[in-house]
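Descriptive analysis of the structure
For reference, the chains in residue letters:
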Amino acid sequence: MRIFLAGATGVIGRRLVPLLRMAGHHVVGMTRSAAKADALRAADVEPVVVDVFDAPALSRAVSDARPDVVIHQLTDLPPGLDPSRTAEAAPRNARIRSEGTENLVRAALASGARRLLAQSIAWIYAAGPRPYTEADPLDIHAQGARAITVSGVAALERLTLSSPPLEGVVLRYGHLYGPGTGADRADAPSLHVDAAAAAALLASEKAHTGIYNIAEPSGYLSIEKAQRELGFDPSFRLRAHP
Ligand SMILES: NC(=O)c1ccc[n+]([C@@H]2O[C@H](COP(=O)([O-])OP(=O)(O)OC[C@H]3O[C@@H](n4cnc5c(N)ncnc54)[C@H](OP(=O)(O)O)[C@@H]3O)[C@@H](O)[C@H]2O)c1
């Protein structure tokens, strides 16, 4: 398949690129930086330098890529989730989830892509009986900083899932750890970055429209749907750890 990967240089994107290439897919990878474009080229990715907030340029870039699948792994978060910077990052991250996703959906629709996959999070369910499944409601009555995050995520998921004829797939990831994340473990729902990348590969190839919880098994979250429908394996690791 031809894949347009938005967020090719992020923590998940960097682990996903080799998986997509090993599976034989052609990858067009997006970055805002010419220097990172060189690194993408070295990883056998066709780079495109564009900002997701420049809608006309984004639309041209996605159409030129002629993708079967568009993968949205964009975030705007501080390296290592530095706690002193997470509060000021929340509105920026919410903007990339709402306005950025809207631009990407429009560009994907105009390009004729068949499927759109988007990165979401698995820890904003409304309080209720555990483990949470994909059918449980999000915490839309949250207050304060959590409300900013929930509204961005809700916008991202709505745009992804209701933009026919695109087949929209939402991956609700756990808290990442592993290479590039700045963490060697995480609180539940936890997820190794390699397993996050592997889930995106599996979903590109075989997901149905809908939502999938992607994390390690815990009492917090059910991952049964992803295991059954995608063959998701939370213990997956890339052999080489650059
Ligand atoms: N579920 C989770 O727990 C989770 C999920 C994601 C990230 N994180 C954490 O957050 C921290 C930062 O993540 P990260 O290193 O992936 O960095 P990041 O700064 O959040 O960037 C992620 C990707 O989004 C792209 N991007 C951001 N804004 C863009 C824009 N306006 N236009 C186009 N592309 C844009 C970046 O591309 P360029 O910079 O190349 O333009 C990069 O490829 C890490 O510690 C990571 O572990 C956690």
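Rules behind the numbers
- Residues numbered from 1 in each chain as written.
- Predicted model: local features only at pLDDT ≥ 70, side-chain atom pairs only at ≥ 80, totals over all residues.
- Heavy atoms only, no water.
- Helix = DSSP H or I, 4+ residues; strand = E, 2+ residues; numbered from the N terminus.
- Rg over C-alpha atoms; globule rule 2.2 N^0.38 Å.
- Buried < 20%, exposed > 50% of the residue type's maximum accessible area, 1.4 Å probe, protein only.
- Areas by Shrake-Rupley, 256 points an atom, 1.4 Å probe, with all protein chains shown as cover.
- Near = heavy atom within 4 Å.
- Polar contact = N/O pair within 3.5 Å; in protein donor to acceptor, adjacent residues only side chain to side chain.
- Pairing = 2+ DSSP bridges.
- Axes fitted to C-alpha atoms, helices over the stretch in contact; angles between N-to-C directions.
- Contact = heavy atoms within 4.5 Å.
- Phe/Tyr/Trp six-rings, centres within 6.5 Å; stacked < 30°, edge-to-face > 60°.
- Lys NZ or Arg CZ within 6 Å of the ring centre and 35° of its normal.

**Thoughts on the overall build of the protein**
The helix and strand inventory of the protein stands at seven helices and nine strands. Taken against the 2.2 N^0.38 rule, which gives 18 Å for 242 residues, the C-alpha radius of gyration of the protein at 17 Å falls within 12% of a compact globule. Seen along its three principal axes, the alpha-carbon backbone of the protein occupies a region of about 45 × 40 × 35 Å. Here the protein, with 242 residues, has 51% of them falling under the buried criterion. Approximately 10,800 Å² of the protein is accessible, and the part contributed by carbon and sulfur atoms is 54%.

**A closer look at the site of the ligand**
Close to the ligand lie 27 residues, the nearest being T9, V11, T31, R32 and T75. Note that a nitrogen atom of the ligand is positioned 3.0 Å from one of the backbone N or O atoms of V52. The contact in question runs from an oxygen atom of the ligand to an N or O atom on the backbone of L77, over 3.1 Å. Protein contacts shield 91% of the accessible area of the ligand, which totals 900 Å² for the unbound molecule. Listed by contribution, the elements that provide at least two residues to the shell around the ligand are β2 (26-31) and β7 (175-177).

**Concerning the sheet that holds strand β4 (residues 69-72)**
Reading across from one edge, β3-β2-β1-β4-β5-β6-β9 is the order of the seven strands in this open sheet, with parallel pairing throughout. The sheet is open, and its two borders are formed by β3 (46-49) and β9 (210-214), each paired with just one other strand. On average, each strand axis in the sheet is inclined to that of its neighbour by 20°, with strand direction left out of account. The sheet contact formed by strand β1 (residues 2-6) and β2 spans five bridges and is parallel. Note on β2: the bridge partner recorded for F4 is V28. Its contacts with the sheet place helix α2 (residues 34-42) against β2 and β3, and it is angled at close to 165° to β3. Along the sheet, helix α4 (residues 86-111) contacts β1, β4 and β5 (115-121); its crossing angle with β4, the most-contacted strand, is approximately 170°.

**Brief notes about the packing of aromatic side chains**
The final tally for this structure, using the stated rule, is two aromatic pairs. Here the aromatic rings of Y125 and Y132 are separated by 5.1 Å at their centres, their planes lie at 15°, and the arrangement is stacked. For the pair Y125 and Y132, a shared accessibility class is recorded, and that class is buried. Relative to Y220, the ring of Y132 has its centre 5.1 Å away and its plane inclined at 75°; by these criteria the two rings are edge-to-face. Separated by 88 residues along the polypeptide, Y132 in the loop between β5 and α5 (144-161) and Y220 in the loop between β9 and α7 (224-230) bring together distant segments of the chain. Three or more aromatic residues joined by ring pairs form one cluster here, namely Y125, Y132 and Y220. One cation-aromatic arrangement involves R95 over F53; the distance from NZ or CZ to the ring centre is 3.7 Å.

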